[in-house]
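# Inside the fold
These are the residues of each chain, in order.
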Amino acid sequence: MLLKKRKKPEPQQENHAAAALAASPVAHDIPHPDLISVEEAKAMDLDQMTELFMNHLNPGQYHFMKLLGFHKVKIEKAEGVWYTDQNGRKILDFFGGFGSLAFGHNHPRILAARKKFQDENRHEIAMAFLSQYAAALAHNLAEIAPGDLDMVFLGSSGSEAMEAAIKVAERAQGPKRAKVLYAQNAFHGKTKGVLSITDSTLYQSEFKLVEDVTKVPFGDLDAIRHALEGDPQIGIVCLETIQGGGGIIEAPAEFWQGLRALCDEKDVLWVADEVQCGTGRSGRFFAFEHYGVVPDVTALAKSLGGGKCAMAAMIARKPIYMKAYGKPNTALIHGPATFGGIGEACITAIEGLNVMYDDQLMKNAAEVGGHLKSELQRLMAKYPKLIKDVRGRGFMLGLEFQNFSKTMPLAVRPALAVLDDKLKGSLPGFIGSALLRDHNVLVAFTEYNRNVVRLQPPLITTRENVDTFITALDTVLAGGVTKIVSNFVKSQWS
Ligand SMILES: Cc1ncc(COP(=O)(O)O)c(C=O)c1O
């Protein structure tokens, strides 16, 4: 395959050509620009991919991939829990695309449903007509969701579903009660509305955000009560049921039950962000089901797309939805987006949901995820100088490493402690890089607490896969910090 040096026409030439074309009374063929074909894209080598990534995608991000050694991998194939790279090496996926691969890669039933849909020339965009696919998916989600969480808005990203969730709640509460309470270390997306309740100075940067928001510590019911009693404009409480980006953080059942009672008492709507922890990942379809409570609005994305497409959903209690958009003159205020409810994405999600129950994937997440958690706890007891905590449930687990200074001999700890903040993430980074380089296992980190490795493998992961991962991690940790660091340094030169 050739990726020729691409040279754009000089502006001068371009202007002349454009002027000549515009002046001509005859329609001309438009010249085919120097485009890469699908087959050429598949056949690119790492040098070519790097060049295009640096020139057209995100040069800054490449820096991090390079640091971890991830830039040397070109994925050629993905099946189940495995990636296969350009050298035929199989990589065990314990990262799972930030939790978007509940069914693993290219689940055969999902592939078959999509292929049949294509072979039958089914339609995708149906804004003018009723869509049987969108209607069926909405029915399935309402059937799965408890209580009267019955009304569904379909979109294509978690941010979009969360925007829809906040908007439906705001419409129902009215402008005088539109203030949103959110949690420290929350991640709800990067679009401008929900960025206002995503607790990151990095992501918020200097953007002009929605100002009607207030923040409390996650899981602190007294702080929420205090905030609601002090400010009657707060009409919405928005929380991830399990914080993902914050480092896989849970709150106890009493918190959620207290929150439900408090919201009822104060006429406040509770929005549960289940974009990451939902769709079966925690061992129940919605993580809030563990606590026997039902929110007013919730949102799903990630694995809802079956690992094959972009699909997201906001689900609201019927009275809330009807109040917000239930009449002809309000129906289109937040009506369907162009790609909301697109045909093949809907049938992918429908097939995925059926697979989830047919194959008992949530049971597997609870059982095999439990095995993974207890194995991690065993490693924590074996390596207390390295591992600080193991958290989460099902296949949404966090493995927190100690600050760098804690891994060093007692005498040098105080001197090194001043560097702990700067070095946050370096130890898990070295370990993640060793896992991929020497043991063919992929893991990733949480956004805010970079000392936490997030383990979100597909829900089809077996005990054998877990044991492979644990053996790899044990071998890396057994080397101790000195070996982990020196191997990392060596890898930077190879
Ligand atoms: C809890 C949560 N909410 C919202 C989002 C935003 O989803 P997306 O990246 O699809 O926009 C994410 C993404 O990681 C998430 O974890």
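Nothing here was measured: the structure is a model prediction, and the numbers come from that model.

Across its full length, the protein holds 20 helices and 15 strands. Along the three orthogonal principal directions, the C-alpha set of the protein runs to about 80 × 65 × 45 Å. Residues classed as buried in the protein amount to 42% of the 494 residues present. For the protein, the proportion of contacts with a sequence separation of at least 24, taken over those separated by at least 6, is 73%.

Another aspect to go through is the site of the ligand. Neighbouring the ligand are 14 residues; Gly158, Ser159, Gly189, Val275 and Gln276 lie closest to it. For the shell around the ligand, the element with the most residues is helix H8 (residues 158-173), which contributes three residues. The class makeup of the residues in the shell around the ligand is five nonpolar, seven polar and two charged.

Counting residues in each nonpolar core, the largest one holds 127 residues, and the members touching the most others are Ala161, Ala165, Val168, Val271, Ala313 and Met314. A domain-level breakdown of this core finds at least three residues from each of domain 1 (91-103 + 361-493) and domain 2 (109-358). Not counting residues within four places of it along the chain, the set of residues in contact with Val271 comprises Ala165, Ile166, Ala169, Ile236, Val237, Cys238, Pro295, Asp296 and Val297.

Here we come to the packing of helix H7 (residues 132-144) against helix H14 (residues 343-358). Where H7 meets H14, the axes come as close as 8 Å, and the angle between the chain directions of the two elements is 30 degrees. Our pair here, H7 against H14, has a crossing hand that is left-handed. From H7, Tyr133, Ala134, Ala136, Leu137, Asn140 and Ile144 reach across to H14, where they touch Gly343, Cys346, Ile347, Ala349, Ile350 and Leu353. Counted by class, the contact of H7 with H14 contains ten nonpolar, two polar and no charged residues.

Glancing now at the pairing of strand E15 (residues 452-455). By the alternation rule, side chains of E15 split into Val452 and Arg454 and Val453 and Leu455, which are all buried. The pairing of strand E12 (residues 396-401) with E15 spans four bridges and is antiparallel. Its bridge partner lying in E15, Glu400 is registered against Val452. Of the strand pairs in this sheet, strand E14 (residues 444-445) and E15 are connected by two bridges, and their pairing is antiparallel. Considered in E15, the bridge of Phe445 is made with Val453. Hairpin connection from E14 to E15: six residues lie between these consecutive antiparallel strands.

Sheet architecture is open: four strands sit in the order E1-E2-E3-E13, paired in mixed fashion. A strand with exactly one partner marks an edge of an open sheet, and here the two such strands are strand E1 (75-79) and strand E13 (441-442).

At a minimum axis separation of 9 Å, helix H6 (residues 108-119) and H14 run at an interaxial angle of 150 degrees. In this structure, the crossing between H6 and H14 has a hand that is right-handed. Counting all contacts with H6, which are made through Arg109, Ile110, Ala113, Arg114 and Phe117, the residues of H14 involved are Glu344, Ile347, Thr348, Glu351, Gly352 and Val355.

This next bit is on the environment of Leu376. Positionally, Leu376 belongs in helix H15 (residues 361-382). Residues Leu376 and Phe430, spaced 54 residues apart in sequence, show a C-alpha to C-alpha distance of 18 Å. Setting aside chain neighbours within four positions, we find Leu376 in contact with Val390, Leu397 and Leu399.

Interfaces are often described in size by the accessible area the parts lose on coming together. What the domain assignment reports for the protein is domain 1 (91-103 + 361-493) and domain 2 (109-358). Each of domain 1 and domain 2 has a C-alpha centre, and these two points are 29 Å apart. Listed by partner, the interface residues are 28 residues for domain 1 and 29 residues for domain 2. Those elements that provide at least two residues to the side of domain 1 that touches domain 2 are helix H5 (96-99), H15, strand E11 (387-393), E12 and E15. Considering each element in turn, the side of domain 1 that touches domain 2 owes the most residues, five residues, to H15. Here the side of domain 1 that touches domain 2 is composed, by residue class, of 14 nonpolar, nine polar and five charged.

Calculation rules
- Residues numbered from 1 in each chain as written.
- Predicted model: local features only at pLDDT ≥ 70, side-chain atom pairs only at ≥ 80, totals over all residues.
- Helix = DSSP H or I, 4+ residues; strand = E, 2+ residues; numbered from the N terminus.
- Buried ≥ 20, exposed ≤ 12 C-beta atoms within 10 Å, placed from the backbone.
- Contact = placed C-beta atoms within 7 Å.
- Near = placed C-beta within 6 Å.
- Nonpolar A, V, L, I, M, F, W, Y, C, P; charged D, E, K, R; others polar.
- Core = buried A, V, L, I, M, F, W, Y, C linked by C-beta atoms within 7 Å.
- Domains from an automatic or database assignment.
- Axes fitted to C-alpha atoms, helices over the stretch in contact; angles between N-to-C directions.
- Left-handed = near helix turned anticlockwise from the far one by under 90°.
- Pairing = 2+ DSSP bridges.

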